[in-house]
Amino acid sequence: MNATVSTAVFGGFMVLTVALGLLAVRGRGTAEGQPEGLPGKGGGGRRAGGGLTEWSVGGRSLGTVFIWVLMAGESYTSFSYLGAAGWGYQFGAPVLYVLAYMSCGYALGYVVGPMLWGYARRHGLVGLTDIVAHRYRRPWLGAAVALLATVCLLPYIQLQITGMGVVVSTISYGAISLNWGYFLSFAVTTAFVTVSGLRGSAWVSVLKDVLVIATLGFLAIYVPWHYFDGYGPLLHRIVAEKPQWLAFPGHASGGLGQVWFVTTTLVNSLTVVIFPTTVAGYLGARNAEALRRNAMYLPFYNVLLFVPVLLGMAALFVVPQLTGAGSNLALFKLVVDSLPAWAVGLIGVAAALSSIVPMAVFMLVIGTMWGRSVLGAIPRLGAGATGAAEGEERGAATEGRQKLFSQLVVVVAGALALLLTYTAPDTLVRLSLISYEGMAQLVPMLLLGLVWRRLTVHAAVSGLVVGFVLVCVLVFGGHDPVWGVNAGLVGLAVNLAVALAVTWLGPRGTDERPDAEVLALDEEFPRQRTPPQDAAVSPPASS
């Protein structure tokens, strides 16, 4: 009976999730003939209704609320229910790095978000690889970055598939197997993101955030009082019996002390602002002001992360036998043990949606990168997609081809992650070790390149290659952290040193374009509410 009730609640919300994704784009494909970008800037002929721009960045029309729930959804994943509670259960204090780097990243996003938004809007760009290819005038570089980013993002798709599979199996009291849970995760996400794109993810994020805030708020009150008669007895017991969980380097954490905490916070806060999924959120904004407000509001969402961490530590006294990967179930062991089936189902839905929303954006970003910068860069396939559009009709046809390529890649990327989850799960798990540290190596190429014209393509590529190779050697060689320092920061420091050396000692750049074409200047993102060119482009979005 418990399995039937919780599974019925879960199934009903999954149907609602797909319906929301499909409703999000109802009528969006009818707005024809409205140019999304500026003529001659790679944006002529794009259509706000059904083209790649609408699918990949929501027609650049999402307001503050939609951007807030979307970007919160990317940061609040199944890790928040499983990994955060699991780290709290296993290690304690080191897990707080998640709150630290996200909050610092949001502060950096106050500057970086509007900068990238303005640059992309001015030149009709729809993603990270687009920005890199335009800045250095090298389409092949956009394709190379797409390949690198895919290697770093695929593990996150696999991790969300795995996380949702664990959630589904647990809340169904074992009635649904892990393998079916994995497939359900892939099927639901692919069903709506392929059709609805970023806008659908934003709509589903609203449902997810309502459930996350409600369920975690309830658990924050219920668990301490149910098991310990209040917060006071719980905290006193942690201090008395588990004091090593409350200070660095934590309990059995392998040396994740203060130096690791500070360096990891630094490198992750730099990385999160240029992560391809974050950039997709930036580019979907209606205007730069929405991004500035979003950067101020997002840290409030981080308060919720204290709940699974605290509940993970509470589980030490309720289910003390959990070990290894089993510690990730700390929070759900408390839920299944003490709550009625319908409540278990609701909490499972919140956790599942915390997998689905970020997984959808990961898949969408991979699809956009390949559809635009890889397949779309092949002349016969892309029909000149990387050059200036030859009239509105050709631009519209190009957009259609790129969107189709992107949607096909979404399905392929999700299916590949699902297949590897079944057959070789350790492959992607090992790749996930370099995801953040590897993506950090794009910081000089992207951010420094957009504010400093002298950074040449040779310098940016040299630094990226050296930094990425060094990170791989350190991580896979078992040397992360290096004397307590995050390996990603070591790689980033060497990356920057190489890029500067090649810039000063290597060949000079030959780019004759004016600064306004190359750099992200202040006038790219004025503080007015809606840029003049938006007036006839993006219809107001509900927020």
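This is a predicted model, so every value here is computed, not measured.

**Structural notes on the overall build of the protein chain**
- Helix and strand counts for the protein chain stand at 24 helices and zero strands.
- Within the protein chain, the fraction of its 543 residues that count as buried is 59%.
- Taking the contacts inside the protein chain whose residues are at least 6 apart along the sequence as the reference set, 83% of them involve residues at least 24 apart.
- Accessible surface, the protein chain as shown: approximately 20,100 Å² in total, 69% of it carbon and sulfur.

**Things to note about the packing of helix α6 (residues 97-123) against helix α12 (residues 276-283)**
- For the pair α6 and α12, the least separation of the axes is 9 Å and the interaxial angle reads 70°. In this view, α6 runs roughly perpendicular relative to α12, as classed from their interaxial angle. Here α6 and α12 pass one another in a crossing that is right-handed. Contacts between α6 and α12 involve Gly109, Val112, Gly113, Leu116, Trp117 and Ala120 from the former and Val279, Tyr282 and Leu283 from the latter.

**Section: empty space enclosed by the protein**
- In this structure the tally under the stated criterion is one cavity of 30 Å³ or more.
- There is about 70 Å³ of room inside the largest cavity.
- Forming the boundary of the largest cavity are Ser56, Val126, Gly127, Leu128, Pro276, Val279, Ala280, Leu364, Val365, Thr368 and Met369.
- Residue assignment for the lining of the largest cavity shows that the elements contributing at least two residues are α12 and α16 (341-374).
- Among the elements that take part in the lining of the largest cavity, α16 stands out by supplying four residues, more than any other.

**Notes on the pattern of salt bridges**
- Applying the stated criterion across every chain yields a total of eight salt bridges.
- Salt-bridge contacts for aspartate 130 lead to arginine 372; the nearest nitrogen and oxygen are separated by 2.8 Å. Here the residue aspartate 130 occupies a position in helix α7 (residues 128-136), and arginine 372 occupies one in helix α16, the gap between them amounting to 242 residues.
- Take arginine 372: its relative accessible area is 7%, and that puts it in the buried class.
- Between arginine 137 and aspartate 511 there is a salt bridge whose closest N-O contact spans 3.6 Å. Pair noted here: arginine 137 is in the loop between α7 and α8 (139-171) and aspartate 511 is in the loop between α23 (487-505) and α24 (515-518), with a separation of 374 residues, a long-range link.
- Note on arginine 137: relative accessible area 42%, which makes it partly exposed.

**A word on the packing of α7 against helix α21 (residues 443-451)**
- It is the contact of α7 with α21, at a shortest axis distance of 11 Å, that shows an interaxial angle of 55°. Compared by their axis directions, α7 and α21 come out oblique. α7 and α21 meet at a crossing whose hand is left-handed. Facing Leu128, Ile131, Val132, Arg135 and Tyr136 of α7, the residues of α21 in contact are Pro444, Met445, Leu446, Gly449 and Leu450.
- Considered class by class, the residues forming the contact of α7 with α21 number eight nonpolar, one polar and one charged.

**Notes on the packing of aromatic side chains**
- With the rule as written, the count across this model stands at 21 aromatic pairs.
- Considering the side-chain rings of tryptophan 68 and tyrosine 301, the 5.3 Å spacing of their centres and the 65° angle between planes classify their relative orientation as edge-to-face. Residue tryptophan 68 is found in helix α3 (residues 64-75), and its partner tyrosine 301 is found in helix α13 (residues 288-302); the two are separated by 233 residues along the sequence.
- Through a chain of ring-to-ring contacts, three or more aromatic side chains come together here, namely Trp87, Phe91, Tyr97, Tyr101, Tyr156, Trp260, Phe275, Phe362 and Tyr436.
- We note arginine 135 situated over the ring of tyrosine 136; from NZ or CZ to the ring centre the distance is 4.5 Å.

**Re the environment of phenylalanine 228**
- One can find phenylalanine 228 in helix α9 (residues 178-228).
- Linking phenylalanine 228 and phenylalanine 317, residues 89 residues apart in sequence, is a C-alpha distance of 9.6 Å.
- Those residues within four positions of phenylalanine 228 in sequence are excluded, and the remaining contacts are Val223, Pro233, Leu234, Arg237, Ala314, Phe317 and Val318.

**A closer look at the environment of glycine 400**
- Assignment of secondary structure puts glycine 400 in helix α18 (residues 392-423).
- With 348 residues separating them along the chain, glycine 400 and leucine 52 place their C-alpha atoms 6.8 Å apart.

**Description of the state of the cysteines**
- Considering all chains together, one arrives at zero disulfides under this definition.
- The structure places no disulfide on cysteine 472, whose sulfur is separated from the nearest cysteine sulfur, that of cysteine 152, by 8.1 Å.
- The exposure class of cysteine 472 is buried, given its relative accessible area of 18%.

**Quick notes on the environment of glycine 438**
- Within the element layout of this structure, glycine 438 appears in helix α20 (residues 435-439).
- Expressed as a C-alpha distance, the spacing of glycine 438 and leucine 470, which sit 32 residues apart in the sequence, is 9.5 Å.
- If we skip the residues at most four places from it in the chain, glycine 438 touches Cys152, Phe468 and Val471.

**Thoughts on unusual backbone geometry**
- Each neighbour pair has its own omega, and for phenylalanine 248 with proline 249 the value is 5°, a cis peptide bond.
- Here proline 249 lies in the loop between α10 (231-241) and α11 (258-272).
- Cis geometry is adopted by the peptide bond preceding proline 481, which originates at aspartate 480 and carries an omega value of 5°.
- Relative to the helices and strands, proline 481 resides in the loop between α22 (457-476) and α23.
- With a phi angle near 50°, arginine 60 is a residue other than glycine that sits in the positive phi range.

**Considering the confidence of the model for the protein chain**
- In this model, the protein chain carries a mean pLDDT of 85, and residues with pLDDT of at least 70 account for 87%.
- Per-residue pLDDT stays below 50 along residues 384-391; that stretch engages in nine contacts with residues further than four places along the chain or on separate chains.

**Describing a nonpolar patch on the surface**
- A cluster of nonpolar side chains, namely Ile221, Trp225, Tyr231 and Leu235, defines an oily patch on the protein surface of about 430 Å² accessible area.
- Elements with a contribution of two residues or more to the nonpolar patch: α9 and α10.
- Of note, isoleucine 221 is situated in helix α9.

**Notes on the side chain of threonine 421**
- Residue placement: threonine 421 occurs in helix α18.
- One polar contact links the side chain of threonine 421 to the main-chain carbonyl oxygen of alanine 417, over a distance of 2.6 Å.

Conventions used here
Residues numbered from 1 in each chain as written. Predicted model: local features only at pLDDT ≥ 70, side-chain atom pairs only at ≥ 80, totals over all residues. Heavy atoms only, no water. Helix = DSSP H or I, 4+ residues; strand = E, 2+ residues; numbered from the N terminus. Buried < 20%, exposed > 50% of the residue type's maximum accessible area, 1.4 Å probe, protein only. Contact = heavy atoms within 4.5 Å. Areas by Shrake-Rupley, 256 points an atom, 1.4 Å probe, with all protein chains shown as cover. Axes fitted to C-alpha atoms, helices over the stretch in contact; angles between N-to-C directions. Parallel < 35°, antiparallel > 145°, perpendicular 65-115°, else oblique. Left-handed = near helix turned anticlockwise from the far one by under 90°. 1 Å grid on protein atoms, 1.4 Å probe; cavity = no way out; pocket = protein on both sides within 12 Å on 5 of 7 lines; lining within 4 Å. Points joined across faces, edges and corners; volume = space filled by probe spheres on them. Salt bridge = Lys/Arg side-chain N within 4 Å of Asp/Glu carboxyl O. Nonpolar A, V, L, I, M, F, W, Y, C, P; charged D, E, K, R; others polar. Phe/Tyr/Trp six-rings, centres within 6.5 Å; stacked < 30°, edge-to-face > 60°. Lys NZ or Arg CZ within 6 Å of the ring centre and 35° of its normal. Disulfide = S-S within 2.5 Å. pLDDT = per-residue confidence, 0-100. Patch = residues over 30% accessible without salt bridge, like charges linked within 9 Å, V, L, I, M, F, W, Y side chains within 5 Å. Polar contact = N/O pair within 3.5 Å; in protein donor to acceptor, adjacent residues only side chain to side chain.

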